[in-house]
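Geometric and topological summary
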Amino acid sequence: MFSKIQPHQTREMLVKFQSLLALVLLCFLLGVMTDIFFTYANLINVMRQISVNICISVGMTLVILTGGIDLSVGSLLALSGAITAGLLKFGLELPFIDTFIGFTLFGAIMAGIITGTSLGAFNGLMITRFRVPPFVATLAMLTIGRGLTMLYTKGFPISGLGPQFSYLGTGWFLGIPIPVWISLIVVAIAVFITNKTRLGRYIYAIGGNESAAALSGINIKKIKTMVYAIAGALAAVGGIIVTSRLDSAQPNAGNSYELDAIAAVVIGGTSLSGGKGTIGGTVLGAIIIGVLNNGLVLLNVSPFWQQVIKGVVILLAIIIDKYNSKSNG
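Keep in mind it's a predicted model, so treat the numbers as computed, not measured.

1. Quick word on the overall build of the protein chain
- Of regular secondary structure, the protein chain possesses 14 helices and six strands.
- What you see for the protein chain is a C-alpha radius of gyration of 21 Å, in line with the 20 Å of a compact globule of 329 residues.
- On the principal axes, the C-alpha backbone points of the protein chain span a range of 80 × 55 × 35 Å.
- Relative to its full complement of 329 residues, the protein chain shows a buried share of 46%.
- Of all intrachain contacts in the protein chain linking residues separated by at least 6 positions in sequence, the fraction that spans at least 24 positions is 77%.

What follows is the structure, encoded as structure tokens:
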């Protein structure tokens, strides 16, 4: 009556659900090793922490699906957060015409998002128009973004941004933190784009075979520029959440966030060669990274060893990705 499951079918199922199995195993181990992990307060804390990485990782997923990479998201997060905070608190003074412009909460937030989107699009233009390799172009933007953040803030935090702005990072709605709602909206939109729109099909096509995509009439330069712009915009959203939660724009915010985002994407099953991966997998990857970070803190692991362990996890994820790609090939 029941068909026998073949070995290759078992392997395919394990590959498909490897991220979920890893998350379940990790949660089980942490639950055994510490009594704090499964407490309500700690789980809420984990949810708040991963919301920022989810926003950044979704943008990173779209970039990697096209066969690219974006190392600048952490610095764009810091710059966008600083721009939002500065405009909200001090407004904008135009020195040549001696005019001062005040910004509402909405206006300051939009300025921050426009900043991230514009610099993300600039990444795309460097890559598509001037044929700068994505690694090099976004590494340069990482440095540029950090420098602009330091210039704008003069190296000092911008604090005291008001309760309305702080609500975005610390508030609740229907018993769920606002940052989690924001990340859920980002994920829902990204899932719709990748699964139901022409843009999503083009992204997968470019990552799968760029030459074939070009021959089929897809505007490669336009799609790639859009993808990097989206990644910049989502980095800005993450920056606004972080700034709101801290009620302060820190000049060094977002350090190493690009590594957590790349780790989440790879652990979630997206291939670094492009053309293969899902937003849902990335969300699982971001949860794994968040749970791992939280667990290492609860276990009082040295911050230096935490970096080592995260690096090993990323390497293992890449090795598994290469193994799966070779087996499928």
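2. Quick notes on the packing of aromatic side chains
- This model, assessed by the stated rule, comprises two aromatic pairs.
- Considering the side-chain rings of Phe-37 and Phe-38, the 4.8 Å spacing of their centres and the 75° angle between planes classify their relative orientation as edge-to-face.
- When the ring of Phe-173 is compared with that of Trp-181, the centres are 5.8 Å apart and the planes differ by 65°; the resulting orientation is edge-to-face.
- According to the relative accessible area criterion, Trp-181 is partly exposed, its value standing at 27%.

3. So, the side chain of Ser-271
- Examined against the element boundaries, Ser-271 turns out to sit in the loop between helix H12 (257–267) and helix H13 (279–298).
- Residue classification places Ser-271 among the buried residues on the basis of a relative accessible area of 4%.
- Of the polar contacts made by the side chain of Ser-271, one reaches the side chain of Ser-273; its length is 2.7 Å.

4. Comments concerning empty space enclosed by the protein
- For the coordinates displayed, the defined rule picks out one cavity of 30 Å³ or more.
- Computed from the structure, the largest cavity encloses a volume of approximately 40 Å³.
- In this structure, the largest cavity is lined by Leu-77, Ala-78, Gly-81, Ala-82, Gly-239, Val-242, Thr-243, Leu-246, Ser-248, Ala-249, Gln-250 and Ala-253.
- Those elements that provide at least two residues to the lining of the largest cavity are helix H4 (73–90), helix H11 (220–246) and strand S6 (248–249).
- Residue composition of the lining of the largest cavity, by class: seven nonpolar, five polar and no charged.

5. Thoughts on unusual backbone geometry
- Within the chain, Lys-154 stands out as a residue other than glycine whose phi angle is a positive 60°.
- Among the structural elements, Lys-154 can be located in the loop between helix H6 (134–153) and strand S3 (158–159).
- For Lys-154, a relative accessible area of 65% puts it in the exposed group.
- One non-glycine residue, Asn-300, adopts positive backbone phi at about 60°.
- Mapped onto the fold, Asn-300 is located in the loop between H13 and helix H14 (303–328).

6. Some thoughts on the layout of surface pockets
- Of the pockets and cavities examined, the second largest pocket occupies roughly 450 Å³.
- Around the second largest pocket, the lining is made up of 21 residues, and of these Gln-49, Tyr-257, Asp-260, Asn-293 and Lys-310 lie nearest the centre.
- Mapped onto the lining of the second largest pocket, the elements with two or more residues apiece are helix H3 (40–65), H12, H13 and H14.
- Partitioned by chemical class, the residues of the lining of the second largest pocket number eight nonpolar, 10 polar and three charged.

So, how was this worked out
- Residues numbered from 1 in each chain as written.
- Predicted model: local features only at pLDDT ≥ 70, side-chain atom pairs only at ≥ 80, totals over all residues.
- Heavy atoms only, no water.
- Helix = DSSP H or I, 4+ residues; strand = E, 2+ residues; numbered from the N terminus.
- Rg over C-alpha atoms; globule rule 2.2 N^0.38 Å.
- Buried < 20%, exposed > 50% of the residue type's maximum accessible area, 1.4 Å probe, protein only.
- Contact = heavy atoms within 4.5 Å.
- Phe/Tyr/Trp six-rings, centres within 6.5 Å; stacked < 30°, edge-to-face > 60°.
- Polar contact = N/O pair within 3.5 Å; in protein donor to acceptor, adjacent residues only side chain to side chain.
- 1 Å grid on protein atoms, 1.4 Å probe; cavity = no way out; pocket = protein on both sides within 12 Å on 5 of 7 lines; lining within 4 Å.
- Points joined across faces, edges and corners; volume = space filled by probe spheres on them.
- Nonpolar A, V, L, I, M, F, W, Y, C, P; charged D, E, K, R; others polar.

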